[in-house]
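# Coordinate analysis (summary)
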Amino acid sequence: MTVTSSIGMWRKLARIQASPRIALAYHTRAHGFARGQHYVLLQGSASVGPLEDRTWIDRHRDHWERFLGPRDVGLWEPLLRAYHWRIPVELEVGRAAAWPDLACRG
């Protein structure tokens, strides 16, 4: 599974590189198109893509714009350059758990 991170979040990326065991929780539908109410937890090992690859997000621009809208924000673009410089974080899923709602009972 692939997610992205901004190089502006360098501490998060450094922590992933130092200790690649991570967990991802999907609990909101605010930035996606899923209709279900499940709370999903993925656990596994992560690896960070090359920091110097500035073209990764351009090659995946359609995904970015599908979820977050246009990348070009006019006059603010120079200030958001580090945020828009995205790199892949690959997760090798070792465990997946799901609950029917946010209460996570059962």
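Below you will find a few notes about this structure. Keep in mind that what you see is a predicted model, and the values were worked out from it rather than measured.

### What to know about unusual backbone geometry
Of note in the backbone geometry, Cys104 takes a positive phi value of approximately 55° without being a glycine. Relative to the assigned elements, Cys104 resides in the segment after β4 (86-99).

### Remarks on the environment of Arg86
Mapping Arg86 onto the fold places it in strand β4. Judged by its relative accessible area of 9%, Arg86 is buried. Residues Arg86 and Arg35, spaced 51 residues apart in sequence, show a C-alpha to C-alpha distance of 26 Å. When residues no more than four places from it in sequence are discounted, the contact partners of Arg86 are Thr4, Ser5, Ser6, Asp53, Trp56, Ile57 and Trp64.

### Some details on the sheet that holds strand β3 (residues 39-48)
Strand pairing within a sheet occurs via backbone hydrogen bonds; the two strands may be parallel or antiparallel. Pairing in this open sheet of four strands is antiparallel, and the strands run β1-β4-β3-β2 from one edge to the other. Looking at the sheet topology across the chains shown, the edges are occupied by β1 (2-6) and β2 (21-26). Strand-to-strand twist in this sheet, taken as the mean axis angle between neighbours without regard to direction, amounts to 40°. Relative to β3, β2 is paired through six bridges, and the arrangement is antiparallel. Across the sheet, Ala23 pairs through a bridge with Gln43, a residue of β3. The sheet strands contacting helix α1 (residues 10-18) are β1, β2, β3 and β4, and the helix crosses β3 at an angle near 80°.

### A short note on the side chain of Ser5
Position of Ser5 among the secondary structure elements: in strand β1. A relative accessible area of 2% places Ser5 in the buried class. A distance of 3.0 Å separates the side chain of Ser5 from the side chain of Lys12, its partner in a polar contact. If we ignore the near neighbours within four places in the chain, the residues touching Ser5 are Lys12, Leu13, Trp85, Arg86, Ile87 and Val89.

### Thoughts on the packing of aromatic side chains
Across all of its chains, the model carries one aromatic pair by this definition. Residues Tyr39 and Trp99 carry aromatic rings whose centres are separated by 5.7 Å and whose planes lie at 65° to one another, so their mutual orientation is edge-to-face. Remark: Trp99 occurs in strand β4 and Tyr39 occurs in strand β3; sequence separation between them is 60 residues. A single burial state applies to Tyr39 and to Trp99, both of which are buried.

About the criteria used
Residue numbers here run from 1 along each chain, matching the order of that chain's written sequence. Owing to the predicted nature of the model, reporting of local features is limited to residues with pLDDT of at least 70; listing and counting of side-chain atom pairs is limited to 80 or more, with chain, interface and lining totals taken over all residues. Water and hydrogen atoms play no part in the side-chain values, which are based on all heavy atoms of the structure. Numbering of helices and strands runs from the N terminus, with a helix taken as a DSSP run of H or I at least four residues long and a strand as a DSSP run of E at least two residues long. Per-residue accessibility, obtained with a 1.4 Å probe over protein chains only, is compared with the maximum for each type, and a residue is labelled buried under 20%, exposed over 50%, and partly exposed between these values. We call two residues in contact when some of their heavy atoms are within 4.5 Å. Strands are labelled as partners when DSSP assigns at least two bridges between them. To define axes, lines are fitted to C-alpha atoms, for helices over the stretch in contact only, and angles between the resulting N-to-C directions are given on a 0 to 180 degree scale. Definition of a polar contact: a pair of N or O atoms within 3.5 Å, with one able to donate and the other able to accept a hydrogen when the atoms are protein atoms, and with sequence-neighbouring residues admitted only if both atoms are side-chain atoms. Each Phe, Tyr or Trp ring, with Trp reduced to its six-membered ring, pairs with another whose centre is within 6.5 Å; inter-plane angles below 30 degrees give stacked pairs, above 60 give edge-to-face pairs, and intermediate values give tilted ones.

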